[in-house]
Every structure is written in structure tokens, then in C-alpha cells.
Amino acid sequence: MTTADKPMLEGARAYFEQAVGRLGLGDDMRQLLLHPWRELTVAVPVRRDDGSFSVFTGFRVQHNGARGPYKGGVRYHPRADLDHTRALAMLMSWKTALADIPFGGAKGGVVVDPQALSVAELNRLTRRYTSQIGHLIGVNRDIPAPDLGTNAQTMAWMMDAYGATHGYTPGIVTGKPVELGGSAGREAAPGRGAALIAAMAARDLRIDISGATVAIQGFGQVGSWAAKTINEAGARVIAVSDALGAIYNPNGVDVWETDRHYAVNGTVKGAPNAEPITNAELLALDCQILIPAAIEDVIHSGNASKVRARIIVEAANAPVTFEADQILNDRGVVIIPDILANAGGVIVSYFEWAQNIQEFRWDEQRVNQELTGFMTRSYKAVTDMMREQSTNHRTAAYSVAVARVERATKLRGFVTS
Ligand code: NAD
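Since the structure is predicted, the reported quantities are computational estimates derived from the model, not experimental observations. (Residues numbered from 1 in each chain as written. Predicted model: local features only at pLDDT ≥ 70, side-chain atom pairs only at ≥ 80, totals over all residues. Heavy atoms only, no water.)

Taking strand neighbours across the sheet as the criterion, the five strands line up as E1-E2-E4-E3-E5 in an open arrangement whose pairing is mixed. Each of the sheet's edge strands pairs with one partner strand only, and the pair in question is strand E1 (38-47) and strand E5 (142-146). Neighbour-to-neighbour, the strand axes of the sheet open up by a mean angle of 25°, direction not taken into account. Bridging between strand E2 (residues 53-64) and strand E4 (residues 105-111) involves six bridges; their strand directions are antiparallel. (Pairing = 2+ DSSP bridges. Helix = DSSP H or I, 4+ residues; strand = E, 2+ residues; numbered from the N terminus. Axes fitted to C-alpha atoms, helices over the stretch in contact; angles between N-to-C directions.)

Next up, the structure:
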């Protein structure tokens, strides 16, 4: 991003203000929803393998819990900070409301480069972080999940650390390994959901998904499953990337082969039958659908005018800055916002939590069928609101979500006027 772009928290608040203006929310409610309900900063001391000692900083921010227990991922990243965590927690409140699942919004993080720690160090760090935020979380209070830099193994350690004092509690986290009560289909869910939404948006723009050209930035959990699912729907994935670079083939990258290459080498670079390009070139490719699925702020005021895609599907959280959003809207580019596009992850997290509480397991077919139902209803709620308000996908999505959170917050009696 450039210095002309608002930092992520200001961008998230600006989108919220746009919706507030249309909904006519009172100022008391506006102020309440702008502020996180609760936030905690903790020290996370870790004994290193070489005997030395490091103290990391961790966060947990709970934005709004009127609609149900707080819900949100935990991010391990060297640039994690409190403002990012606040912005991401706020996005979670809107995402769970738009998906119409009974959760509020939260987010957590530790300022750490997970690549720089051994597996044993990451295990110790995760256990200490879990105990440090232990009094805030609970099956009916706040349920963490994986995000950037964390995965199913991290959730297994969190569940085990929490269980040491509370007994066997699989519903304390979602995104666990299936062997420990994780849900079938959870790993694929955010990417699968993004691909489903991309197909719905393409249909509305009369773009045939079969043969549509797609570029995907980020080939981690979300990007790789978005690539595989959209490819199965018949689209041609012409480029994919990761933090180390991108690959391109105008006739279509073999996404399954690239997936195997990524699993072995940790990068898409060098995957067969594709030429190397840069991440900047990927974002500017001539394609119909662009799916940023890596990190925030990658499309900003400095490069938005170079984007040639017809549709941007925000599989990552906040990949488009507020300023870039205005530029792209003016150019007629359709942007499917993160709170709609990547909600598949939290929707299947809800299925996982529900299965854990009922001590019952669903098969993958049922999970995917239910996921399709939730994503389809969310998309319809957004497009209905677009027509009602004559606005774009993002503002409509925020309007649906904020109205639901406002209603629950009012019913709870947090704001009486
Ligand atoms: P991940 O760590 O599995 O993968 C991230 C990918 O992005 C990796 O391939 C990495 O190399 C790449 N990347 C990192 N920096 C990059 C850069 N500067 N340029 C290009 N590529 C870069 O993470 P993930 O779980 O796939 O999450 C990706 C995004 O999706 C994040 O914004 C996350 O918040 C969001 N998200 C994740 C989930 C989930 O359940 N995992 C759910 C909803 C949203």
C-alpha cells in the first residue's frame, strides 16, 4: 500500500460509516459498534531450544458478541499489531452476521515469524498464549480458529492446553485436525466458498464460468482450495502465486500438480508447465476473475488502475484498500467483499462447533451441501440489498450485516435509545 491509503482499521471503519449512513443508525449505536467490546494484550514468554528466552506480544480482541460467542482466527505474523487485530475482529462481526450464524466477532494474534521458530518452540508459544487468554475464551464465550501462520496443528495444541485445566473440550477451537473433532471439509471451506461466490458473481455478469480466466494471489489454505474448486467448475486458472513469486500459463496452470509442488517445495515457483512472473504482474493480468487470497492491502491506490480483471473476489481479508475500492468502483470493476467471499471458513467452523457440542459427525457431502446453502443465501441477501439501496456489493453486504448486529445489540439492551 502507499502512504495515500488509509491503514486497515481506518478503512474498516470507513466502510462501516458508509453503511451507517444508509441505515440511519443513531449515534449511540454507531459509537458502540465502532469500538471493540473487550481487548487484551499479553506477554508470551517462550524458552527457546538453545536455552535462551524470548518474550512475544499477543492479542485477543472481541469486537461484538450480541449475536453469540465471539469467533475469530489467531494470526502468527511479524507485523501483527493491535490495530490490525481490531480491524479483523470488526470484520468478523460483520462476516458472522452476514452468514447468519450465531457468533460475534473476534481476532487474535502473536507478533512472531512462525518460520523462525522450531515446531517445539511453536508448541510452547501456543500453549502459553492459550493460557494467557484462557479467561476470555470458552465454548460459549470465544472460539479461536486458524488464520495466517497458524493451522490445524496450532488448534490441536490450543485445545490440549485449554483441556489441561477444563477437561476435554473440542468445541473450544475450530479448524482442528479431523482426528480431534475437526470437521470434514473445514480446510477447503474458505477457498471453496470463495470459488462458489465467484461463480455466482460471474453468472450475474453473464460470464460463463466454464472457460473463464482466473488469477489467484496466495497459494496457502485459502488460495489453493479456491484454485482447485474453481478449476473443477471449469474455469481456467492462468496464474497463481505465493510470497516468493508467481507462475503463469495462458492456457491454464495445472492446479493439482502445482498443489503437489507447493507441498514439497513450499512455493509455486518452479511448478511444471508455467513461466515465472511477479506478484505485481499477476495482479495486472488480463483475466476475468482476480482472487487475492494472501494478505491485506495488496491492491492499493498505487496499482488499482492497473487491474484488468472484471471481478475481484476478496478471498483474503481486506486485500483492497479503501482508496483502491473507490478507484475500482469508478472503473466498474465488481468487488465481492471479504465478509461475503471468504465466509466459508467461519461457516464450516460453525458446523464444526455444532458437531462438537452435539458429539456427532457429519460427512463431507453434508458439510459441502450446507456450505453451499449458507453461501447462496448470503449472496442473495447482498444482491437483494444492492437492488433496494442501488449500491455495490460491499456497501450492501455491510448494510445487511450491520443491521443484523445492530438489531441484536439493541435487543440485548446495550443501547437503550
Ligand atoms: P496461509 O498462510 O495458508 O497462506 C497464505 C499464502 O499467501 C501463502 O501461499 C503465502 O506464501 C502467500 N503470501 C504471503 N504474503 C504474500 C505476498 N506478499 N504476496 C503474495 N503471496 C503472499 O494463509 P490462509 O489461511 O490461506 O489465509 C490467506 C488469507 O485468507 C488471509 O488474509 C486470511 O486472513 C484469510 N482467511 C483465512 C481463512 C482460513 O480459514 N484460513 C478464512 C477466511 C479468511
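The mixed open sheet is built from seven strands, whose spatial order is E9-E8-E7-E6-E10-E11-E12. Each edge of the open sheet is held by one strand with a lone partner, namely strand E9 (275-277) and strand E12 (334-336). Ignoring which end each strand starts from, the neighbouring axes of this sheet average 20° apart. In terms of strand pairing, strand E8 (residues 245-248) meets E9 through three bridges, oriented antiparallel.

Taken as a whole, the chain is organised into domain 1 (36-169) and domain 2 (189-336). Taken together, the contact between domain 1 and domain 2 spans nine residues of the former and five residues of the latter. Contact between domain 1 and domain 2 buries roughly 510 Å² in total, counting both sides, with carbon and sulfur atoms accounting for 42%. Linking domain 1 to domain 2 there are one salt bridge. (Domains from an automatic or database assignment. Contact = heavy atoms within 4.5 Å. Buried area = accessible area lost by both parts, 1.4 Å probe. Salt bridge = Lys/Arg side-chain N within 4 Å of Asp/Glu carboxyl O.)

Attention shifts here to the pairing of E8. Every regular strand shows the same layout, with side chains that alternate between the two sheet faces. Pairing geometry for strand E7 (residues 236-242) and E8, over four bridges, is antiparallel. When the sheet's bridge partners are listed, Ala 239 is paired in E8 with Tyr 248. Counted between consecutive antiparallel strands, the loop separating E7 from E8 contains two residues.

Over its 18 residues, helix H3 (residues 82-99) extends 26 Å from the first C-alpha to the last, a length consistent with the 26 Å expected when each residue adds 1.5 Å. Of all 18 residues making up H3, 14 are buried, and the element is well covered by its neighbours. Where H3 begins, the capping side chain belongs to Asp 81, and its oxygen is found 3.1 Å from the backbone nitrogen of Asp 83. Taken from the residues just after H3, Asp 100 is the one with a positive phi, measuring 60°. (Expected span 1.5 Å × (residues − 1). Buried < 20%, exposed > 50% of the residue type's maximum accessible area, 1.4 Å probe, protein only. Polar contact = N/O pair within 3.5 Å; in protein donor to acceptor, adjacent residues only side chain to side chain.)

Looking at the ligand, there are 23 residues lining it, with Asp 147, Val 222, Ala 243, Tyr 262 and Asn 317 nearest. In the environment of the ligand, an oxygen atom lies 3.0 Å from a nitrogen or oxygen atom belonging to the side chain of Arg 75. Residue Asp 242 places a main-chain N or O atom 3.5 Å away from a nitrogen atom belonging to the ligand. Protein chains bury 83% of the 830 Å² of accessible surface belonging to the ligand in isolation. Partitioned by chemical class, the residues of the shell around the ligand number 11 nonpolar, eight polar and four charged. (Near = heavy atom within 4 Å. Areas by Shrake-Rupley, 256 points an atom, 1.4 Å probe, with all protein chains shown as cover. Nonpolar A, V, L, I, M, F, W, Y, C, P; charged D, E, K, R; others polar.)

Counted according to the given criterion, the structure contains 23 salt bridges. The salt bridge partner of Lys 6 is Glu 323, with a shortest N-O separation of 4.0 Å. Taken as a pair, Lys 6 in the segment before helix H1 (8-23) and Glu 323 in helix H10 (residues 322-330) lie far apart in primary sequence, 317 residues in all. You can call Lys 6 partly exposed: its relative accessible area is 26%. A residue is classified by how much of its surface remains accessible, and Glu 323, at 17% relative accessible area, is buried.

The subject of this paragraph is the side chain of Lys 176. Structurally, Lys 176 can be placed in the loop between helix H5 (152-166) and helix H6 (189-204). Owing to a relative accessible area of 4%, Lys 176 belongs among the buried residues under this scheme. A distance of 2.8 Å separates a polar side-chain atom of Lys 176 from the backbone oxygen of Pro 170. In this structure the side chain of Lys 176 is engaged in a polar contact, spanning 2.7 Å, whose partner is the side chain of Glu 352.

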